[in-house]
Amino acid sequence: MEPIVGIDLGTTNSEVAFVIDGCAEILTEQDNGIVPSCVGLDAQGNILVGRQAANQAAFAPERTVSSIKRKMGEEIRIALGSNQYLPQEISALILKTLRQRAEEYLGQPVGKAVITVPAYFTDSQRQATREAGRIAGLEVLRIINEPTAAALAYENTSGKTAQILVYDLGGGTFDVSIVKIENGVIEVMASTGDNRLGGDDFDEMIAGWLAGQIKEKHGIEVTDDPMVMHRLKQAAEKAKIRLSSAPYAVIEEDHIAAEHETPVHLTCELSREEFEKMLTPDLDRTMDAVSRAMEDAGLTAADLDEIILVGGSTRIPTISKLLEEKTGVLPRNEIDPDLCVALGAALQAGREMGVSDAGVLIDITPYTFGTSAIGELYGELSPDLFVPMIRRNTKLPASKSEVFYTVCDEQEKVEIKVYQGESPDARNNVMIGNYMFELSPAPAQSPVIMRFDLDINGILQLEAVEKETGGKIQATIENAISRFTEEELAASGERINRLWDNTGNYEKKTDSTKTAEKPEAPADLANLIGRAESILDTAPAEDRDEIINLLEDIKGALNTGATEEARNIGADLEDLLFYLE
């Protein structure tokens, strides 16, 4: 039987899982199966994905990309080394790593997957995720919402009827969904969220506070130094994790800056109380979303049976406290919040294979889809009246037809605009498609029937038909917003494969935008740097941090031509390597 894997493509971390003997299992090599969602190039131009890329981010940010999920669906290009890539191409490298892990673990080729996305992902973000899968050589059989996947994982352990609130706060996105589980059917009743809220924002908040501490104590402004801010963000993430289990976190970073050529070291303490004060506005937004989701589902707090916590950021203690105060229900987190989404995706994949008895999913759309027409808007006649076709929280798949009328005799064409959003003014919503329908000669008020079909993956299709003649247009909305044609998808897949298989040669061949080269390190220091980078992946966490800091200092000194200073720092690194090699 051809295997189908479940993949959680996360902002901070990603995982791949598979149903083995009826149970979903994370396919793991190390780090509990978690692959950091980080892509980079090493000094020789070879591709790095996961822990190795994350390790080099502090001292080579120009060769490292993280949190790419936040860019999915955007028409931008991301610099990686000397080349530029689309967000879905970067994501494809993460997916290829997960695919490779699955193939090595299962001992056979893997070409099909179920991939999860945040419930509040837009149509364009879902399409970009599907495209990333195609580029990675995966047929994406289904895209399911992360809260739904988490509910699948928990449903498999409880087996009882329940109305569940799924609170999903990850590295870059936030969702809250109300899910009903009954007789093996998992029905999403309501969903809302924020695609720009997560643990990354909390890290940035702490990093900004640390930068303020440096300025206050030393009078040095570091916010315009990307390398320093990256180190501060890494320190912030460690402090955030520490504060999940301790009331205080001590933050220490050596050689973080220089004052009159004298190294400046950072040492400060952050309390959980101070951290929670920083988070108050953002966490208040999530509680507002909880209220909105319950209202949309027609439930009160008393109607909730369970609360499920999903995403690493839900380890912040005050979140459980706020949810319990709001609902009277103690949240559950017995399944690792970092892994439960991938486990749920695997259960759905197992269902696709016919080897899992996971519940039947009934998902919803988190957005309203519609078009624009001439009508009364705020008391005036306007061509931008938003006409909802498939409303938010409608069960999927969904279909809706509506009749519209031409405005004048012999009208030659009509522009059909497709929007996603909730505002009665179409201009305030997101336009996801724009089509020109050539009409047959006919009198005014001739009917045109428009039909919207939204499938279980959240992909929208449009059909417009002239009632009198049968003339019509059809479109899949991905064609309006897709980054790729079929040919471009294939070409992108080949490009990423070449990068994957022969990175060094490919990068050199396609480098048409050479930047000014940095001074080369003397042979002794180049050798030292290479030795240090080679053991980063296996070094203990505390030693890894010190190695990264020393590498950062050495490279910083070399970039300014201070070779002797670099050698002095290198002596400390040499001492550390002596005990690790």
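Visitor: Honestly, the overall build of the protein chain in this entry has me stumped. Any pointers?
Guide: Counting its secondary structure elements, the protein chain contains 15 helices and 26 strands. Expected size for 581 residues packed as a compact globule is a radius of gyration near 25 Å; at 26 Å, the protein chain falls within 12% of this value. For the protein chain, the proportion of its 581 residues judged to be buried stands at 55%. Here the analysis covers contacts within the protein chain between residues at least 6 apart in sequence; of these, 67% occur between residues at least 24 apart. Of the roughly 25,200 Å² that the protein chain leaves accessible, carbon and sulfur atoms contribute 47%. The averaged location of the 99 negative side-chain charges in the protein chain is 2 Å from the averaged location of its 54 positive side-chain charges.

Visitor: It is not clear to me how a negative patch on the surface should be interpreted in this structure. Could you clarify?
Guide: Taken together, the side chains of Glu252, Asp254, Glu546, Asp572 and Asp575 present a region of like negative charge at the surface. Elements represented by at least two residues in the negative patch include exactly strand 15 (248–259) and helix 15 (563–580). With respect to the helices and strands, the residue glutamate 546 is situated in helix 14 (residues 541–559).

Visitor: Hey, could you run me through the sheet that holds strand 22 (residues 413–420) in this one?
Guide: Within a sheet, each strand pairs with its neighbour through backbone hydrogen bonds, oriented either parallel or antiparallel. Spatially, four strands are ordered 20-19-22-23 in an open sheet, and the strand pairing comes out antiparallel. Two strands close off the open sheet at either side, each with one partner strand: strand 20 (380–390) and strand 23 (430–438). Sheet twist, expressed as the mean angle between neighbouring strand axes with direction ignored, is 40°. By the bridge criterion, three bridges tie strand 19 (residues 369–377) to strand 22 in an arrangement that is antiparallel. Across the sheet, glycine 370 pairs through a bridge with tyrosine 419, a residue of strand 22.

Visitor: Whenever I open this one, unusual backbone geometry confuses me. Can you help?
Guide: Note: most residues except glycine have negative phi, and most peptide bonds are trans. A cis amide bond, omega -5°, links leucine 396 with the succeeding residue proline 397. Note that proline 397 resides in the loop between strand 20 and strand 21 (398–405). Here glutamate 410, not a glycine, exhibits a phi torsion of approximately 55°, which is positive. Along the chain, glutamate 410 falls in the loop between strand 21 and strand 22. We note that glutamine 445 has phi near 70°; this positive angle belongs to a residue other than glycine.

Visitor: Please clarify how the sheet that holds strand 6 (residues 47–49) should be interpreted in this entry.
Guide: Taken together, the three strands give an open sheet; going across it, the order is 6-5-7, and neighbouring strands pair in antiparallel fashion. The sheet is open, and its two borders are formed by strand 6 and strand 7 (64–66), each paired with just one other strand. Between one strand axis and the next, the sheet turns through 15° on average, direction left out of account. Bridging between strand 5 (residues 38–41) and strand 6 involves three bridges; their strand directions are antiparallel. Within strand 6, the position partnered with leucine 41 by the bridge is isoleucine 47.

Visitor: Hey, could you run me through the pattern of salt bridges in this one?
Guide: Working definition: two side chains of opposite charge can pair if their charged atoms are close together. In total, this model carries 25 salt bridges according to the counting rule given. Note that arginine 392 is salt-bridged to aspartate 296, the shortest N-O span being 2.6 Å. Within this pair, whereas arginine 392 is found in the loop between strand 20 and strand 21, its partner aspartate 296 is found in helix 7 (residues 272–297), the two being separated by 96 residues in sequence. Here arginine 451 and aspartate 453 are joined by a salt bridge, their closest N and O atoms 2.9 Å apart. You can call arginine 451 partly exposed: its relative accessible area is 33%. On the basis of relative accessibility, which here comes to 24%, the residue aspartate 453 falls in the partly exposed class. Look at the salt bridges and you will find they share partners, linking Asp194, Asp282 and Arg285 into a network.

Visitor: Looking at this model, I keep getting lost on a nonpolar patch on the surface. Mind explaining?
Guide: A cluster of nonpolar residues, Ile374, Leu381 and Val407, forms a patch on the protein surface that exposes about 340 Å² of accessible area. Counting through the fold element by element, valine 407 comes out in the loop between strand 21 and strand 22.

Visitor: Is there a simple way to think about the packing of helix 7 against helix 8 (residues 317–327) in this case?
Guide: The description of two packed helices rests on the angle between their axes and on the distance between the axes. Two elements in contact, helix 7 and helix 8, have axes separated by 10 Å at closest approach and are oriented at 40°. Put simply, helix 7 runs oblique to helix 8. Considering only the axes of helix 7 and helix 8, their crossing is right-handed. Residues Arg272, Glu276, Leu283, Met287, Val290 and Ser291 of helix 7 form the contact with helix 8, whose own contacting residues are Pro317, Thr318, Ile319, Leu322, Leu323 and Lys326.

About the thresholds
- Residues numbered from 1 in each chain as written.
- Predicted model: local features only at pLDDT ≥ 70, side-chain atom pairs only at ≥ 80, totals over all residues.
- Heavy atoms only, no water.
- Helix = DSSP H or I, 4+ residues; strand = E, 2+ residues; numbered from the N terminus.
- Rg over C-alpha atoms; globule rule 2.2 N^0.38 Å.
- Buried < 20%, exposed > 50% of the residue type's maximum accessible area, 1.4 Å probe, protein only.
- Contact = heavy atoms within 4.5 Å.
- Areas by Shrake-Rupley, 256 points an atom, 1.4 Å probe, with all protein chains shown as cover.
- Lys, Arg positive; Asp, Glu negative; His and termini not counted.
- Charge placed at Lys NZ, Arg CZ, Asp CG, Glu CD.
- Patch = residues over 30% accessible without salt bridge, like charges linked within 9 Å, V, L, I, M, F, W, Y side chains within 5 Å.
- Salt bridge = Lys/Arg side-chain N within 4 Å of Asp/Glu carboxyl O.
- Pairing = 2+ DSSP bridges.
- Axes fitted to C-alpha atoms, helices over the stretch in contact; angles between N-to-C directions.
- Parallel < 35°, antiparallel > 145°, perpendicular 65-115°, else oblique.
- Left-handed = near helix turned anticlockwise from the far one by under 90°.

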